[in-house]
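The primary structure of each chain is shown beneath.
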Amino acid sequence: MAAGTILAVDALTSLDIPVPLVLIIALGTSLPISAFVFRKLRRTINSDIEAVDRERARRKTRSPK
């Protein structure tokens, strides 16, 4: 999506940006944007993982071997 947007801007303005550079720019802009957009989801997943880890630790301390 980001690469397509950059290519569209390139076509409209006739800047002649090489495709590898377009891909690098798209990747460089997509990573921070996705980190911001999916922040709540990432926090939810991390808290779920922490809950599972706590439960495993609790079970491990309770069950003798």
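In every chain, residue numbers begin from 1 and rise along the written sequence. Two thresholds apply to this predicted model, a pLDDT of at least 70 for residue-level local features and 80 or more for giving and counting side-chain atom pairs, whereas whole-chain, interface and lining totals are computed over all residues. Each side-chain value is worked out from all heavy atoms of the structure, with water and hydrogens disregarded.

**So, the environment of Ser 34**
Note the threshold: Secondary structure elements are defined from DSSP: runs of H or I of at least 4 residues count as helices, runs of E of at least 2 residues count as strands, and each element is numbered from the N terminus. In this scheme, a residue with accessible area under 20% of its type's maximum is buried, one over 50% is exposed, and one in between is partly exposed, where area comes from a 1.4 Å probe on protein chains only. By the criterion applied in these results, polar contacts are pairs of N or O atoms within 3.5 Å in which, for protein atoms, one can donate a hydrogen and the other can accept it, and in which residues neighboring in sequence qualify only through two side-chain atoms.
Checked against the element boundaries, Ser 34 lands in helix α2 (residues 19–37). On the accessibility criterion, Ser 34 (29% relative accessible area) is partly exposed. Remark: the alpha-carbon pair of Ser 34 and Thr 13, spanning 21 residues in sequence, is separated by 27 Å. Separated by 3.0 Å, the side chain of Ser 34 and the backbone oxygen of Leu 31 make a polar contact.

**Examining the confidence of the model for the protein**
Note the cut-off: For every residue, the predictor states its confidence as a pLDDT score lying anywhere from 0 to 100.
Considering every residue of the protein, the mean pLDDT works out to 92; 95% of them sit at 70 or more. Looking at the elements of the protein, mean pLDDT is at its lowest for helix α1 (residues 2–13), recorded as 90, and at its highest for helix α3 (residues 39–62), recorded as 95.

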